[in-house]
Amino acid sequence: MSRAMRWTAMTIWSSTAVVVASACARSSTQASIEPRRPEPVAPAMMPVAEVPAPTVKQQLQHTVDSIVAAPMWRNARLGILVVDPETGDTLVSHDADRLFMPASNQKLLTGAIATTVLGPDYRWRTPVLLHGMQRGSTWYGNVYLQGSGDPSISDALRGGRAQAAFDEAVTALRTRGIRRITGHVLPAGDALPGLTTGYGWAYDDFDAAYSAAIDELMFNEGELYVTVRAGRTIGAAVSASTTPTLRYPALRIEATTRDSVAAAGAPRPARLQAAYDSVGHTLVLTGTLALGDSARLTVAYRHPADAFVAAFGESLAAERIVVRGKPLARRDTSGRALDTLAVIVSPPFAEVLKRMEKPSQNQMAELFFRTVALHATGSGSADSAQAIGTRTLASWGITAADVAYRDGSGLSRHDYLTPRAVVKVLDVMRRSPHAALFRDALPIAGVDGTIRSRMRGTPAEGNVRAKTGTLDKTRSLSGYVTTVNGRVLLFSMLANNFTTPNREVERVQDLIAGFLAGSTLTSGGGK
């Protein structure tokens, strides 16, 4: 008998005992003053029926109802759906068919579509081409880099050194005996035409690494690191260096060194900042840095193809291959075909997918979005990507009433979807031949990715595999959870337009995920 049942039974028994005791006391008093009468025959006692314990489904519904009714959520929109895919049973549903801004839950759709269309063994290819002619150790012509949107040329996926991707091409030049290039290193082709930012992205975020532009030549996920050190005296200019590109973009230093101890009543010092000029090729450092201090800033490359070309050029310089950058004489290159020097090949898609989903890498998601279109139609434009994505979702039963699929990452505030649409995607991938690949790429509660510090010490730790989503007034969590008795459940929790602290939204999501992980579910909705 459960604690709740024992408490109910004891309450009923105690109330009955008090009534019986009171009746006996009244009978004794009356007997002393009244003639003796035959004892009444007591009616047969009815057994107290045990109150059945609420099922998992009932407990979950009660929990969600209580949360939604709480005053703190009166101005918020909460969409919650939990489904047992084996039985088709809906354990709880609240506004599951209303549209929500998903933030990075959009990456569940992008990852699912890319996994389905490209497959786990897909690799991006970036040919390095020569145009011109060789005389001795000099190449009279240009080097061309023909990008296809490879997201893997980064520190994260190239052993901590993004330029390692160029090693084969540099070695090939040295093998040919080429030590000097009279022309330029240039981008070739336009595999991903159109804007380099997503539809509806916030323009004032373009210098932030999470909002970096994308192009067919993408270097280090669009991220540039700036190390800043204070000057030796107060008022002196700070010094700065960049990596992984050392000379691109240009730096203009306007930041100065301040006293490490602020005087009483002194105005608050200007914060150290890095922002591009209007052209986007010069990074301007402003603000102050305390004497003896240092800082590391992460900013975006405004022009990704230029960053890629600059990085390749620096790799050549490191091997003492000089690029003169002079205009070419027409007689040197006329009629000559492009010669493939080397091809930069990415790791397989299966490996790259994890790097996109676990840390929620926006630029990779956008490159997946465009690559699907390039692979399927030959055009990597955003319009083609949206069309292919929308068509694929429709084949899964997710219509225009369920989703507005406008970019790959979820940075756009024009992206909308329903919790039911998310659960359908999760179910499609659960039944896919690539189910393990898709599921294993998701963050694991308390272990890694964007939920590595959440749900620790609960049944959800090491169990829940789910994608987060984070924008202003938007928090999402959707994925898979396994019950105590091994049932895999699908869930989607989307929250918009709240004014409570973000952590309160996450606590609600973690509470529900932890409850599901700690439940024992039967076909009838649990026990």
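Below or above, wherever it landed, is the structure these notes cover. This structure is a prediction, so every number in the text was calculated from the model and none was measured.

This part covers the overall build of the protein. Helix and strand content of the protein: 12 helices and 21 strands. Looking at the protein as a whole, 49% of its 527 residues qualify as buried. Taking contacts inside the protein between residues at least 6 apart in sequence as the whole, the part at least 24 apart equals 71%. As displayed, the protein has an accessible area near 24900 Å², and 53% of this comes from carbon and sulfur atoms.

The full count for this structure, using the stated rule, is 2 cavities of 30 Å³ or more. Approximately 80 Å³ is the volume attributed to the largest cavity. If you go around the largest cavity, the residues you meet are Trp 73, Leu 78, Gly 79, Ile 80, Met 493, Leu 494, Ala 495, Val 505, Val 508 and Gln 509. Secondary-structure elements contributing two or more residues to the lining of the largest cavity are strand 1 (77–84), strand 21 (488–496) and helix 12 (502–517). Its residues placed into classes, the lining of the largest cavity shows 8 nonpolar, 2 polar and no charged.

Glancing now at the packing of helix 8 (residues 362–377) against helix 9 (residues 382–395). Two numbers describe how helix 8 lies on helix 9: the axes approach to 8 Å, and their chain directions differ by 85 degrees. Judged on the interaxial angle alone, helix 9 and helix 8 are roughly perpendicular. Across the interface between the two elements, Phe 369, Arg 370, Val 372, Ala 373, Ala 376 and Thr 377 from helix 8 touch Ala 382, Ser 384, Ala 385, Gln 386 and Ile 388 from helix 9.

The next subject is unusual backbone geometry. In this model, Thr 243 is joined to Pro 244 through a cis peptide bond whose omega is 10 degrees. Checked against the element boundaries, Pro 244 lands in the loop between strand 8 (239–243) and strand 9 (250–253). With omega at -5 degrees, the peptide bond leading from Tyr 248 into Pro 249 counts as cis. Mapping Pro 249 onto the fold places it in the loop between strand 8 and strand 9. Phi at Ala 103 is positive, roughly 55 degrees, even though this residue is not glycine. Residue Ala 103 is classed as buried on the basis of its relative accessible area of 0%.

Its boundaries defined by the atoms lining it, the second largest pocket holds a volume of some 350 Å³. Lining of the second largest pocket is provided by 21 residues; of these, Tyr 210, Asn 362, Leu 411, Thr 470 and Leu 471 occupy positions nearest its centre. In terms of residue count, strand 19 (residues 465–471) provides more of the lining of the second largest pocket than any other element does, 4 residues in total. The residue makeup of the lining of the second largest pocket, split by class, is 7 nonpolar, 10 polar and 4 charged.

For sheets, the rule is that strands pair by backbone hydrogen bonds, running either parallel or antiparallel. Spatial ordering of the open sheet is given by 8-7-14, a layout of 3 strands whose pairing is antiparallel. In the strand order of this sheet, the two ends are held by strand 8 and strand 14 (294–300), each with one partner. Ignoring which end each strand starts from, the neighbouring axes of this sheet average 25 degrees apart. Pairing of strand 7 (residues 223–229) with strand 14, which is carried by 7 bridges, proceeds in the antiparallel orientation. Looking at strand 14, one finds that Arg 229 is bridged to Ser 294.

Calculation criteria
- Residues numbered from 1 in each chain as written.
- Predicted model: local features only at pLDDT ≥ 70, side-chain atom pairs only at ≥ 80, totals over all residues.
- Heavy atoms only, no water.
- Helix = DSSP H or I, 4+ residues; strand = E, 2+ residues; numbered from the N terminus.
- Buried < 20%, exposed > 50% of the residue type's maximum accessible area, 1.4 Å probe, protein only.
- Contact = heavy atoms within 4.5 Å.
- Areas by Shrake-Rupley, 256 points an atom, 1.4 Å probe, with all protein chains shown as cover.
- 1 Å grid on protein atoms, 1.4 Å probe; cavity = no way out; pocket = protein on both sides within 12 Å on 5 of 7 lines; lining within 4 Å.
- Points joined across faces, edges and corners; volume = space filled by probe spheres on them.
- Nonpolar A, V, L, I, M, F, W, Y, C, P; charged D, E, K, R; others polar.
- Axes fitted to C-alpha atoms, helices over the stretch in contact; angles between N-to-C directions.
- Parallel < 35°, antiparallel > 145°, perpendicular 65-115°, else oblique.
- Pairing = 2+ DSSP bridges.

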